[in-house]
Amino acid sequence: MENIINLSEVTIYQGEKPVLKDVNVRVEEAEFVYLIGKTGSGKSSLLKALYAELPISQGSGSIAGHDLKAIKTKEIPFLRRKLGIVFQDFQLLMDRTVIQNLYFVLNATGWNDKAEIHRRAMSVLQLVGIEQKADQMPHTLSGGEQQRVSIARALLNDPKIILADEPTGNLDVETSEEIMQLLIALSKEEKTAVLMATHDLQMVQKFPARTLKVENQGVIE
């Protein structure tokens, strides 16, 4: 199995001060991995370094075949096409329907055949079990449904890995479990690796998987 994520002795800065030091992380293809730690411990900073929002100043790091240390600004959109990013607050465009949210991303990432765009959008909505809501506005959906749309959006360009930042943070327990089952199924069936930051330790116990812990500016297995 090849590693989708490879970080070796990485230091990540937020402004002038190091948030994380000497980080070593490996995630393989199709692997599901938790990233746990207290709020403010650096989980989000680690994810931001992985999608090239924060620079890696020391050590070496790669994700989905891109060298994070050498990456140029103009290459970042190409990197992000290979990643699916899922946030706690869904970040849907509220002035357009569910499927139009997906069209928007496909158009922005270089798709131009309308029939293909529609087919791809419907297929990811089916994957997450929400194709019947395609023509609804996001605000009419429940939190769990909105998060499914945001996961569908993350899958549009067939990413090698999904980076999920507290994806169940705003959801009730039952809905959180559904979203967890969906993410785990995607890692198995679609062979998409998932790195999920969470502070919900009950979820981690309920759906055990390899776990990395962020504490004292480091990451431990």
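Preceding this paragraph is the structure being described.
Since the structure is predicted, the reported quantities are computational estimates derived from the model, not experimental observations.

Engineer: Help me get a handle on the layout of surface pockets, residues and values and all.
Structural biologist: The gaps of empty space that remain are located by a probe, the size of a water molecule, rolled over the atoms. In this model, the largest pocket occupies a volume close to 560 Å³. Lining the largest pocket are 20 residues, with R80, L83, I85, V105 and R153 sitting closest to its centre. When residues of the lining of the largest pocket are traced back to their parent elements, those giving at least two are α2 (76–81), β6 (83–86), α3 (98–108) and α5 (143–155). Of the residues forming the lining of the largest pocket, the biggest block, four residues, is contributed by α3. Tallied by class, the residues present in the lining of the largest pocket amount to eleven nonpolar, five polar and four charged. By volume, the second largest pocket is sized at about 200 Å³. Along the walls of the second largest pocket sit 13 residues, with T39, G40, K43, S44 and D165 positioned nearest its centre.

Engineer: I'd like to hear about the sheet that holds strand β3 (residues 32–36), residue by residue, with values.
Structural biologist: Strands sit in the order β6-β7-β8-β3-β9-β10 across an open sheet of six strands; the sheet is mixed. Strand pairing shows two members of the sheet lacking a second neighbour, β6 and β10 (218–220), which therefore form its edges. Strand-to-strand, the axes of this sheet are offset by a mean angle of 20°, without reference to chain direction. Where β3 and strand β9 (residues 210–215) come together, four bridges link them in parallel fashion. Residue L35 lies in a different strand from β9, and its bridge partner there is L212.

Engineer: Describe the sheet that holds strand β5 (residues 66–67), with residues and values.
Structural biologist: Strand order in this open sheet of four strands is β2-β1-β4-β5, and the pairing throughout is antiparallel. Strands at the two margins of the open sheet, each flanked by one partner only, are β2 (17–28) and β5. Looking at chain direction, strand β1 (residues 3–14) and strand β4 (residues 56–63) are connected through six bridges and run antiparallel. Looking at the pairing, S8 lines up with S60 of β4. Packed on one face of the sheet, helix α1 (residues 43–50) meets β1, β2 and β4 and runs near 115° to β1.

Engineer: Hey, could you go over the packing of α5 against helix α6 (residues 173–189) for me, with residue numbers and the actual values?
Structural biologist: At their nearest, the axes of α5 and α6 sit 10 Å apart, and the two run at 15° to each other. Taken together, α5 and α6 sit at an angle that is classed as roughly parallel. Crossing geometry of α5 relative to α6 is assigned as right-handed. Residues G144, Q147, R148, I151 and L155 of α5 form the contact with α6, whose own contacting residues are T175, E178, I179, L182, L183 and L186.

The rules we used
Residue numbering note: each chain is counted from 1, following its sequence as written. Totals for whole chains, interfaces and linings use all residues, but because this is a predicted model, local features are given only for residues with pLDDT of at least 70 and pairs of side-chain atoms are given and counted only at 80 or more. Derived side-chain values reflect all non-hydrogen atoms in the structure, with water molecules and hydrogen atoms excluded from consideration. A 1.4 Å probe that fits but cannot get out identifies a cavity on a 1 Å grid over protein atoms alone, an open set with protein on both sides within 12 Å along at least five of seven lines counts as a pocket, and a residue lines either if it has an atom within 4 Å of a point. Grid points are joined across faces, edges and corners, and a volume is the space filled by probe spheres set on the points. Helix and strand labels come from DSSP, where a helix needs a run of H or I of at least four residues and a strand needs a run of E of at least two; each type is numbered from the N terminus. Residues are grouped as follows: Ala, Val, Leu, Ile, Met, Phe, Trp, Tyr, Cys and Pro are nonpolar; Asp, Glu, Lys and Arg are charged; all remaining types, including Gly, are polar. Between any two strands, at least two bridges found by DSSP are needed for them to pair. Note on definitions: angles span 0 to 180 degrees between N-to-C directions of axes, and those axes are lines fitted to C-alpha atoms, for helices only across the stretch in contact. Whether two residues are in contact is decided by their heavy atoms: any pair within 4.5 Å suffices. When describing relative orientation, an angle under 35 degrees is termed roughly parallel and one over 145 degrees roughly antiparallel, while 65 to 115 degrees is termed roughly perpendicular and anything else oblique. When the near helix sits turned anticlockwise from the far one by under a right angle, the crossing is termed left-handed; a clockwise turn instead gives a right-handed crossing.

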